[in-house]
Amino acid sequence: MKLPRPTEHTGPLQGHVRRGRTYSTPLAASGILQIGNWIRDDLPDLLWPALFLAEKGSSRVAVQFVRFQKDVLDDLRDLIERDAQLTDCLDGSLTGLDRLVEREPSAIDVVVQRADEHGLRTHTVARALGVYPQRPAQWLFDNTHGRPTSDDAALLATAVREAITDGHREAILKCLRFWAAIQGGTLSADRAFIELLRNYPVDEATRSLADTNIRAAWGARKAADSIAHPEYAHARADWARAFWQVNSLFTQCVRARELRGATGRVRGGPEGDPSACDPPSWSTGKPGPRDKGDTSPLDLADVMEPEQDHDWTYDQPETVGLQPGDFRQRAMDLFTSYVEAIETGAQRIYDPEAQEVHTGIVSRAAREVITGLGTPDLWCTEHGSHIGRTLVESRIVLAWMSTQDEEIYRKYKAYGAGKAKLNSLIARDIPPEWLLNGASDAIAEMAGLSHNDDLLDYVSVDLGSTFSGKTLRTMADEAGLLDLYRHAFQLQSGFTHSEWWAVEMECMERCRNVLHRGHLIPSLDLAYGGVVTVGRAWVIALHGLIRASLQILNTDEEVVREAFAWLLPSHTTPDASPDMPTSVGDQR
């Protein structure tokens, strides 16, 4: 297949192919490049050997798997002569073992016996695998003990970390496929590759080259399988999705600031103590042990929908009885509880785009609000318009994306990656002498945010004004939030973009010299700010955004109640009314 010719011959996107407002490298524009993610999709399937190697602390013990493969193949030689594809089932994968048993049920006894003979069914590995009730080949390890211990979590973390960070360990895991094919007599490869495998991994002189060839050949073989046997990929994906989701249920997210101490904790602690997994708070002012009310704080009318007929500045539980000096802490508490609700429930680790985009956009808005509430001078339309604008734009974007196919979240991230690529390319043209200290590092960081590959350069650049190809007004209209756009976003955009009416209202005044004919001159008086209703409205709007995000993500209702129980203690819980939703998932 011939690659398309570049259409751009000058400028930062030189060498790219233009299609509409999108610019791609010839390889990316060809449509033949497919970027895979073996850690997400395939490592869970190789969890048995990965755990075994992590437990033993060495890749050399992989020889025990090779001998296990040989013995099983010898035992099943008659079957394999009739069905050569059975050899592929012994590639170290759990789904492969299930395929083997599906074709030949008697293979269970053979596999278990040979695994025991070679010491592959250790108690430690059995406990770690037992954490996953939906794993393939459950017959291999009978026990499913459920809640993991700290040791289980540590072994699983080590296995995954070593597979990600150690290129040799990755190659060993992937080579199990080729070792099975060699011993089964089904490997088709050139002589150079076979020679590399002959003394692998003992020969240190050729080990690095062999590692590279194995990883590349494994990717090519997987691509061929996806065409010939798409059902294999479906089985792997189902298991991978379950694997990553279970991980999110029994281990907590860890932030850089937490790495000063323990790097990971089992959710609830080894003894199941819930206090051991309270998420870190923004400050020491967050409420302590929370009162668990019977009513979810999210069972409220959406305060960001303008058709609600009530005084939303004063009567909302986010701010009732709250003094202006407490607004900032309340915003911190709301955001921390949002993070707690997201990270306590089942997370989408396999396909995280929706959760990542939601939490990222909510985090961006929350940080604006928290920072603004710490500076009362910003509590006015002139200086705080960017905060209100961010809240409204975030609400509209998340609402609109919820009406689209899930692919929209990947498109949103790809649009941002393309902008990062473009910005870094433009920055290359800046003369070095113009750069301040640290600017080069910032440019390199921007290039990293494109998540591009140094060799393939597959990230496309979309010069459209928005990721969706639609204006924000159109998105608001399609999401049923046009009034919110017209009444809130448009007004605050006038200040953000310095439309003349906003400049004249806030920054200019009439010259009082009669001889000057009342012309406009810059005002030297700054808006004082400190408008309490503005600060209060930000807190309420932030909670509305958080609530909408949790609804769209379909976050577990009980988890949300627990995370926000402090907001509506039982003694202040209002009586239920027909206008009040009764669960997180209710829609107005």
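Residues numbered from 1 in each chain as written. Predicted model: local features only at pLDDT ≥ 70, side-chain atom pairs only at ≥ 80, totals over all residues. Heavy atoms only, no water.

Caption draft 1: Up close: the overall build of the protein. Helix and strand counts for the protein stand at 23 helices and five strands. Split into buried and exposed, the 588 residues of the protein put 46% on the buried side. (Helix = DSSP H or I, 4+ residues; strand = E, 2+ residues; numbered from the N terminus. Buried < 20%, exposed > 50% of the residue type's maximum accessible area, 1.4 Å probe, protein only.)

Caption draft 2: Broad picture of the packing of aromatic side chains. Counted according to the given criterion, the structure contains 19 aromatic pairs. Aromatic side chains W179 and Y200 sit 6.0 Å apart centroid to centroid with 35° between the ring planes, which places their arrangement in the tilted category. Of this pair, W179 sits in helix α10 (residues 167-184) while Y200 sits in the loop between α11 (191-198) and α12 (204-228), and the two are 21 residues apart along the sequence. For W179, a relative accessible area of 9% translates into the label buried. (Phe/Tyr/Trp six-rings, centres within 6.5 Å; stacked < 30°, edge-to-face > 60°.)

Caption draft 3: Region of the structure containing a nonpolar patch on the surface. On the surface, M1, L3 and I32 cluster together into a nonpolar patch covering about 340 Å² of accessible area. Locating I32 in the fold gives a position in the loop between α1 (26-30) and α2 (38-41). Taking the relative accessible area as the measure of exposure, I32 reaches 47% and is therefore partly exposed. (Patch = residues over 30% accessible without salt bridge, like charges linked within 9 Å, V, L, I, M, F, W, Y side chains within 5 Å. Areas by Shrake-Rupley, 256 points an atom, 1.4 Å probe, with all protein chains shown as cover. Salt bridge = Lys/Arg side-chain N within 4 Å of Asp/Glu carboxyl O.)

Caption draft 4: Looking closely at the pattern of salt bridges. One pass over the full model with this rule turns up 27 salt bridges. The partner of R121 in a salt bridge is D116, with the nearest N and O atoms 2.8 Å apart. Here R121 falls in the partly exposed class, since its relative accessible area comes to 27%. Using a relative accessible area of 41% as the deciding quantity, one classes D116 as partly exposed.

Caption draft 5: Region of the structure containing the packing of helix α3 (residues 47-56) against helix α9 (residues 150-165). At a minimum axis separation of 8 Å, α3 and α9 run at an interaxial angle of 105°. In terms of orientation, α3 lies roughly perpendicular with respect to α9. Where α3 abuts α9, its residues L47, A50, L51, A54 and E55 lie against L155, L156, T158, A159 and E162. (Axes fitted to C-alpha atoms, helices over the stretch in contact; angles between N-to-C directions. Parallel < 35°, antiparallel > 145°, perpendicular 65-115°, else oblique. Contact = heavy atoms within 4.5 Å.)

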